[in-house]
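Coordinate inspection notes
Residue strings, one per chain:
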Amino acid sequence: MPLRGSPTHTRIEHELTRMRRHACPGPACPGRTSRSGLGMTSGEPVAGAAGWVPQSSLGCAAAMAWGVWGKARGGPVGALTLTALAEGIQANQGQPPGPSSIDLQLEPELEPQAEPMGAIAVPTAGPAPCSLPRVQEAAPKGLYQDPQSSWEEGALADLALYAAASLEEAGFAGTQATALMLASALEARGERLEEQVYALVRGLLAQVPSLAEGRPRQAALRVLSALALEHAREVVCALLPSSLPPDRVAAELWRSLSRNQRVNGQVLVQLLWALKGGAGPEPEALAATRALGEMLAVSGCVGATRGFYPHLLLMLVTQLHQLARRASSPDTPRAWAPSHRGPPHSDASCAVEALKALLTGDGGRMVVTCMEQAGGWRRLVGAHTHLEGVLLLASAMVAHADHHLRGLFGNLLPWLRSADDTRRLTAMAFFTGLLQSRPTAGLLREEVILERLRAWQGDPEPTVRWLGLLGLGHLALSRGKVRHVSKLLPALLGALSEGDARLVDAALGALRRLLLRPRAPVRLLSTELGPRLPPLLDDARDSVRASAVGLLGTLVRRGRGGLQVGLRGPLRKLVLQSLVPLLLRLQDPSRDAAESSEWTLARCDHALRWGLLEEMVTVAHYDSPEALSRICHCLVQQYPSRIPSFLSQTQGYLRSPQDPLRWAAAVLLGFLVHHTSPSHVSQDLLDSLFQDLGQLQNDPEPAVVAAAHVSAQQVALLARAQPGPRRPRLLGLGFWRRASPHRPPPVYGNSPFQPRSVVGRWGC
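Keep in mind the model is a prediction, meaning the values are calculated, not measured.

Definitions and cut-offs
- Residues numbered from 1 in each chain as written.
- Predicted model: local features only at pLDDT ≥ 70, side-chain atom pairs only at ≥ 80, totals over all residues.
- Heavy atoms only, no water.
- Helix = DSSP H or I, 4+ residues; strand = E, 2+ residues; numbered from the N terminus.
- Buried < 20%, exposed > 50% of the residue type's maximum accessible area, 1.4 Å probe, protein only.
- Contact = heavy atoms within 4.5 Å.
- Areas by Shrake-Rupley, 256 points an atom, 1.4 Å probe, with all protein chains shown as cover.
- Phe/Tyr/Trp six-rings, centres within 6.5 Å; stacked < 30°, edge-to-face > 60°.
- Lys NZ or Arg CZ within 6 Å of the ring centre and 35° of its normal.
- Axes fitted to C-alpha atoms, helices over the stretch in contact; angles between N-to-C directions.
- Parallel < 35°, antiparallel > 145°, perpendicular 65-115°, else oblique.
- Left-handed = near helix turned anticlockwise from the far one by under 90°.
- Nonpolar A, V, L, I, M, F, W, Y, C, P; charged D, E, K, R; others polar.
- Salt bridge = Lys/Arg side-chain N within 4 Å of Asp/Glu carboxyl O.
- Polar contact = N/O pair within 3.5 Å; in protein donor to acceptor, adjacent residues only side chain to side chain.
- Expected span 1.5 Å × (residues − 1).
- Arc of directions from axis to C-beta.
- Core = buried A, V, L, I, M, F, W, Y, C linked by side-chain atoms within 4.5 Å.
- pLDDT = per-residue confidence, 0-100.

1. A short note on the overall build of the protein
Each helix and strand in the protein was counted, giving 36 helices and two strands. Scored against the burial criterion, the 764 residues of the protein give a buried share of 54%. A sequence separation of at least 24 residues applies to 70% of the contacts in the protein between residues at least 6 apart. Of the roughly 33,700 Å² of accessible surface on the protein, a fraction of 53% belongs to carbon and sulfur atoms.

As structure tokens, this is what we get:
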């Protein structure tokens, strides 16, 4: 409000007093020729006057407005003699009648030849009336169903526009004076301003398209700000219906409210409540989301969210979750397509843009960039990937926007027990992601967090168990030393037998993080993983295989000191048990699994001092039988007692459904047999190998058939070198035609699955 005693305050009080007390009983208010479109001329009574006309300018404005509202129902919407009112004010101030302030958009000498449509005309000397901005002829569908209500909305808007234009030079005091003038005028009619706010805003929505750019439109926006200053809730309720579907005029009004620093905070709070009160895809929540996007896109508006920024961010992310669930319906179009350069015009994209504006306006541009590079925005709008997007958002905020983490953590805690699934799961994902921040995780005692995460493991929903496992991994990584291992391990080891790949991946990742901490329980984990990890190396799920192989490599790296001095019995046994799967997985069709196998074999070579790093890298990237032969020779020489196990494991891969693995198993088997001494293998094992290799003669892949034939010859040569009676099975196959004291090495054709190594590179 203006300061008491100031010129503006004195003038307002003076005019309002005269409006209430000095009324003339005459039926007319003299004035010059009207330009309102009512057809009034100088000296004629105002059409439909209420029987009284105040003497002052503001009183005249109120009287004419109420006279028009009370009687002239047949006139055009918002028809009000603004020029006569302006001249009344000028006469009251002792100025000669002339163009009103709202008319002075252009200087008379600079009048254009052709006036743009909807612009305010500059007064001329001729008697012809100048056209004022008129309200749009047809109101938007659904806004004005009652003609009487439509007329009153336009008349209210006319009075508000005039009041704002007449006080345009008063700044903030003018805004307050506009509200005070409207309130006093409505009180004179026996109504309160808050009861007419809806009509005023709807009238402005109808009139703004016909107002010219510049002072007329600024007057309309000033009225809106004046109303929102004291009645933000009513203004938001009136504007929301025009925000869905998107409306250009409503978007302009939202942006004007956003630029006004005295009202934008109040409006944002009301939009937050509208978003919170709606149920996801409900129209009110969708309209509030679009309005938030318009307001937050204005520079400087995000500063008004102090105090409720975390709550607003959580609500927008939750709104995305609700929209993503709705979008999972087959009848709903996709929110994004890889061929699109940007998001389409949809509800989900509007929520994403609002979230981006909220983050960018608060200095979180790096968060937005990280999300774009990691595909986080696409995940947020996906029904099955939304929680992954939330985890990425939490990770990006931990790295680049940690000043809001405490507020987020505090706001999401009550939501962890919400009955609404979307809110509860979104809060759980944020809770899990924020545990990566050590200061944020320190807001709760470690025992409390651990018990909460362990409780999630008993939930029947796999998603909740998955989030709990991720949280356990973050908790293990965020501590300087491993604590509560006895409570962490049972939950993590038990998840290795889950059927959901996400749960197994999360458990393997948490165990790997546990190994990265100081004083990690390497021996305990080696013992516990001994019977559990080898089956996962051959799991049918690509991600599980890659994670299991990576965990083995981390375990070997942490325990290499003991392996080098001959200790770590459980770990050494686990490594030898996994050697054949690791060698064969170098040919894994999954790129992640193949690269993870290469990395783990390099760790094993370093820990056990084989000196085969170059050979292993070559086998991983090239078709080099020579390098594979040297690897097999080393293994046979160093671990003769493990030869039957090596052969049996390789034999199992001959029945693999994947062509590269069958071919690799046949080749590896041939080299192992070639370097094996006859005394280290039994006749029964040789018979079994020969039988399985013979079955591959009918394999649909020619390369596999050729490799199996060469390896079968090596098995026959090894059986011939053994002492004792010759087996009838091998005699019948014709491999005993000639004797040779030396077994020639196997020669295999080029692999169709890998590029051939450079000739002569290995001294061939």
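Let's pick the thread back up.
2. Topic: the packing of aromatic side chains
Evaluated as defined, the whole model comprises four aromatic pairs. Ring pairing ties together the aromatic residues F409, F431 and W456, which thus form one cluster. Seen from the ring of F431, R452 lies directly overhead, with NZ or CZ sitting 6.0 Å from the centre. Against the face of W599 rests R512, its NZ or CZ located 5.4 Å from the ring centre.

3. As for the packing of helix α24 (residues 522–529) against helix α28 (residues 569–584)
At a closest axis distance of 8 Å, the pairing of α24 and α28 adopts a crossing angle of 45°. In terms of orientation, α24 and α28 fall into the oblique class. Handedness of the crossing formed by α24 with α28: left-handed. Touching R523, S526, T527 and L529 of α24 are G569, P570, L571 and L574, all from α28. Grouping the constituent residues of the contact of α24 with α28 by class yields four nonpolar, three polar and one charged.

4. Examining the pattern of salt bridges
For the structure shown, the criterion picks out 22 salt bridges. A salt bridge links R255 to E294, with the nearest nitrogen and oxygen atoms 2.8 Å apart. Remark: E294 occurs in helix α11 (residues 283–296) and R255 occurs in helix α9 (residues 248–259); sequence separation between them is 39 residues. Between R662 and D659 there is a salt bridge; the shortest N-O distance is 2.4 Å. Of the two residues, R662 and D659 both sit in helix α33 (residues 659–675), three residues apart, roughly one turn of that helix. The class for R662 is buried, based on a relative accessible area of 7%. Connected through shared salt-bridge partners, D538, D542, R545, R585 and D588 make up one network.

5. Quick word on the side chain of T440
Positionally, T440 belongs in helix α19 (residues 438–441). Relative accessible area serves as the criterion here: at 3%, T440 is assigned to the buried category. Of the polar contacts made by the side chain of T440, one reaches the side chain of S437; its length is 3.0 Å. In this view, T440 contacts L405, F409 and L434; residues no more than four positions away in its chain are not counted.

6. Topic: helix α23 (residues 501–516)
Taking 1.5 Å as the rise per residue, α23 with 16 residues should run 22 Å; its terminal C-alpha atoms sit 23 Å apart, in good agreement. Among all positions of α23, only L503, V504, A506, A507, L508, A510, L511, L514 and L515 are buried.

7. Examining the environment of L582
Relative to the helices and strands, L582 is located in helix α28. Taking the C-alpha atoms as reference points, L582 and L601, separated by 19 residues in sequence, lie 6.9 Å from one another. Setting aside residues no more than four positions away along its own chain, L582 makes contact with V549, L552, S597, T600, L601 and C604.

8. Considerations on the packing of α9 against helix α10 (residues 264–277)
At a minimum axis separation of 7 Å, α9 and α10 run at an interaxial angle of 125°. By the angle between their directions, the pair α9 and α10 is classed as oblique. Residues W254, L257 and S258 of α9 touch α10, and the partners they reach there are N264, V267 and L271. Taken together, the residues that form the contact of α9 with α10 break down as four nonpolar, two polar and no charged.

9. Focus: the environment of A297
Looking at where A297 falls in the secondary structure, it is placed in the loop between α11 and α12 (309–327). Of the residues examined, A297 reaches a relative accessible area of 57% and is grouped as exposed. Taking C-alpha positions, A297 is 8.9 Å from S258, a pair spaced 39 residues apart along the chain.

10. Some remarks on helix α14 (residues 365–374)
All of the buried residues along α14 are V367, V368 and M371. The arc enclosing the buried residues of α14, seen along the axis, measures out at 100°, which places them on a common side. Turning to α14, the residues buried within the fold contact α13 (347–361), α15 (376–380) and α16 (386–400). Two residues or fewer past α14, G375 is found with a positive phi of approximately 70°.

11. As for the nonpolar core
W254, L257, L271, L313, L355 and F430 are the most contacted members of the largest nonpolar core, which has 194 residues in total. Every residue in contact with W254, bar those within four places of it in the chain, is listed here: V236, L239, L240, S243, V267, L271, A291, E294 and M295.

12. A few points about unusual backbone geometry
Here R519, not a glycine, exhibits a phi torsion of approximately 60°, which is positive. Positionally, R519 belongs in the loop between α23 and α24. Look at R609: it is not a glycine, yet its phi comes out positive at around 55°. Topologically, R609 is positioned in the loop between α29 (591–608) and α30 (613–621).

13. Quick notes on the confidence of the model for the protein
In this model, the protein carries a mean pLDDT of 74, and residues with pLDDT of at least 70 account for 66%. Per-element averaging of pLDDT across the protein places strand β2 (residues 53–54) at the bottom with 32 and helix α32 (residues 643–652) at the top with 95. A low-confidence stretch, residues 330–345 (pLDDT under 50), is modelled with 20 contacts involving residues beyond four sequence positions or located in other chains. Counting contacts from residues 730–740, a segment whose pLDDT is below 50, to residues more than four positions away or on other chains yields 17 contacts.

14. Focus: the environment of D623
As for its position among the elements, D623 is in the loop between α30 and α31 (625–638). For D623, a relative accessible area of 4% corresponds to the buried category. Through-space distance from the C-alpha of D623 to that of G749 is 9.8 Å; in sequence the pair is 126 residues apart.

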